[in-house]
Amino acid sequence: MIAEILSVGTELLMGQISNTDAQYLSRRLSELGVTLYRHTTVGDNPGRVKEALNEALSRADMVITTGGLGPTEDDLTKEMVGEFFGLPMELHAPSLEAIRTRMQRIGREMTQNNIKQAYFPHGAIVLPNLCGTAPGCIVESGRKAVAVLPGPPRELQDMFERQLAPYLAKRSGAKIASRFLRVFGVGESKVETLLQDLFHSDNPTLALYCGAGEVVARISARVRTDEDPQRLIAPLEEEIRKRLGEAVYAEGLKHPLAQTVLELLEARGETVAFSESLTGGKLAAAFVDCPGASRALNESYVTYSNEAKHRLLGVQNETLSRFGAVSAECAHEMALGTLRAAKADWAVSTTGIAGPDGGSAEKPVGLVYVGVAHGQQVWTEAFQFRGDREWVRTLACQNALNMLRLKILHAESSRNASSSAE
């Protein structure tokens, strides 16, 4: 099945609100095995709505509209769909009663224009709205169909999941399942080179997406509704993990790098502390965003000035005067001082020049040093980022977390090797 999304609303067209409905529908349609080629947004204008509907149905088997189901004069999506198919509007008594009941329940007066919401094109499949007053509908004509959904995201999503999704699954007879592998420390071009031959598969398919300094590999398999897609996804995932190794840090779109680090620390029963200069608490905030962060993080330091670095972390004044705050030597002493001050198992330090000014030929804007300390060992690494101030700080945090992740993985490998030798 080929589908298109037609979003109706002048507020969308003018950028006054974000089109989260289209984003949600795109994801869910893909999961249901429905092929989506286009999104179209049109204002609350009857002529343009019908014109957009005509164009969409000339290409697609099904069009899903969002918005235009309210009680006001410019809410005319259902009416335009009815006119397009030459169908008269008819009162649907159960919908009228549901609207009246809901208005009474919320203590609002039912006006004449609310009755308009209970009218549908002749023969339409009515989709009750359990979260609002605007029911949706499906209008079928031969091999074509139009699903009319409300605009408010909560109402749309509930209606889609309860009613439209089962209809689409039955109509398409297929589903698409996807697995997302998150990759850090290897650029998109390098990932593509390493996986080049794997992109030639028709089913499952492989695609790459870029994030904040990372790459997401999406594996998608299309199967019948009664088949298990994992039989196609698992072999490709195994091959990707074999080629990219420890650069693959997590699975899923909602599993940030900080969450992976937290899980590694929890598994070892260890703690971490941060000392931040240019990142100004952003690194600790990313960690605290993860549920359960308190099990591995007791305290953190923002040491923006040289005086704070010396007083709180014990960075030597000689180091600051000789090498400067933005240096491997300073990052080294910050990490070591953090380890001592917090009595943590691991410590991470960040120092650098976020810009837009403050750089020099020797130390340009975007230069960042990260230190990681554990036991008697301290590692420092220099990074050179390009972008505005916020981007440099974001990349500094991500690379600091990844550096910590890799050091923990290597420490675990060493511990396992020692245990085996014994």
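Residues numbered from 1 in each chain as written. Predicted model: local features only at pLDDT ≥ 70, side-chain atom pairs only at ≥ 80, totals over all residues. Heavy atoms only, no water.

1. Structural notes on the packing of aromatic side chains
According to the stated counting rule, one finds five aromatic pairs in the structure shown. Both rings, one in W346 and one in W379, keep their centres 6.5 Å apart while their planes meet at 20°; by these two values the pair is stacked. Note that W346 is positioned in strand 15 (residues 346-352) and W379 in strand 17 (residues 377-384), a separation of 33 residues in sequence. Consider the rings of F383 and F385, whose centres lie 5.6 Å apart with planes at 15°: the pair is stacked. Here F383 and F385 have matching classes, each one buried. A cation over a ring is seen here: K78 above F120, with NZ or CZ 4.3 Å from the ring centre. (Phe/Tyr/Trp six-rings, centres within 6.5 Å; stacked < 30°, edge-to-face > 60°. Helix = DSSP H or I, 4+ residues; strand = E, 2+ residues; numbered from the N terminus. Buried < 20%, exposed > 50% of the residue type's maximum accessible area, 1.4 Å probe, protein only. Lys NZ or Arg CZ within 6 Å of the ring centre and 35° of its normal.)

2. Describing the UniProt feature "domain: MoaB/Mog" (unreviewed entry) in the chain
Here the UniProt feature "domain: MoaB/Mog" (unreviewed entry) sits at residues 4-171. Split by type, residues 4-171 is 45% helix and 23% strand. Its first and last C-alpha atoms lie 15 Å apart. (UniProt positions renumbered as here; feature names shortened; annotations may be inferred.)

3. Topic: the nonpolar core
In this structure, V272, F287 and V348 are the most contacted members of the largest nonpolar core, which totals 36 residues. For this core, the element with the highest residue contribution is helix 15 (residues 389-421), accounting for ten residues. Here V272 is in contact with L265, F287, A296, L297, N298, E299, A344, W346, V348 and L404, once residues within four sequence places are set aside. Formed by 23 residues, the second largest nonpolar core is a distinct cluster that contains L25, A147, M159 and L168. (Core = buried A, V, L, I, M, F, W, Y, C linked by side-chain atoms within 4.5 Å. Contact = heavy atoms within 4.5 Å.)

4. What to know about the sheet that holds strand 17
The five strands lie next to each other as 14-13-15-16-17, forming an open sheet whose pairing is mixed. In the strand order of this sheet, the two ends are held by strand 14 (297-302) and strand 17, each with one partner. Geometrically, the sheet is characterised by an average inter-axis angle of 15° between neighbouring strands, direction not taken into account. Relative to strand 14, strand 13 (residues 272-276) is paired through four bridges, and the arrangement is parallel. Looking at the pairing, S275 lines up with Y301 of strand 14. (Pairing = 2+ DSSP bridges. Axes fitted to C-alpha atoms, helices over the stretch in contact; angles between N-to-C directions.)

5. Describing the pairing of strand 9 (residues 174-184)
Of all the eleven residues making up strand 9, eight are buried; the element is thus mostly covered by neighbouring parts of the structure. Bridge count for strand 9 against strand 11 (residues 214-224) is eleven bridges, and the pairing is antiparallel. In the sheet register, A177 faces strand 11, and the bridge partner there is A221. Where strand 9 meets strand 12 (residues 248-251), three bridges bridge the pair, whose relative direction is antiparallel. Residue pairing in the sheet places L181 in a bridge with E251 of strand 12.

6. Points about the side chain of D21
Assignment of secondary structure puts D21 in helix 2 (residues 20-31). Of the side chains with opposite charge, R27 lies nearest to the buried D21, which makes no salt bridge, at 11 Å. When residues no more than four places from it in sequence are discounted, the contact partners of D21 are T66, P150, G151, P153 and L156. (Lys, Arg positive; Asp, Glu negative; His and termini not counted. Salt bridge = Lys/Arg side-chain N within 4 Å of Asp/Glu carboxyl O.)

7. Details of the pattern of salt bridges
Applying the stated rule across the entire model yields 23 salt bridges. A salt bridge links R179 to E251; the nearest nitrogen and oxygen atoms lie 3.5 Å apart. With R179 in strand 9 and E251 in strand 12, this residue pair connects regions lying 72 residues apart in the sequence. A salt bridge links E239 to R243; the nearest nitrogen and oxygen atoms lie 2.8 Å apart. Of the two residues, E239 and R243 are both situated in helix 9 (residues 230-244); the distance of four residues between them amounts to about one turn of the helix. When its relative accessible area of 22% is taken as the criterion, E239 is described as partly exposed.

8. Focus on unusual backbone geometry
A cis amide bond links N203 with the next residue in sequence, P204, at an omega value of 10°. Between G355 and P356 the backbone carries a cis peptide bond, its omega angle lying at 5°. You can see P356 is positioned in the loop between strand 15 and strand 16 (367-374). A positive phi angle is found at K343, which is not glycine, with a value near 55°. Considering the arrangement of structural elements, one finds K343 in the loop between helix 14 (328-342) and strand 15. The class for K343 is exposed, based on a relative accessible area of 71%.

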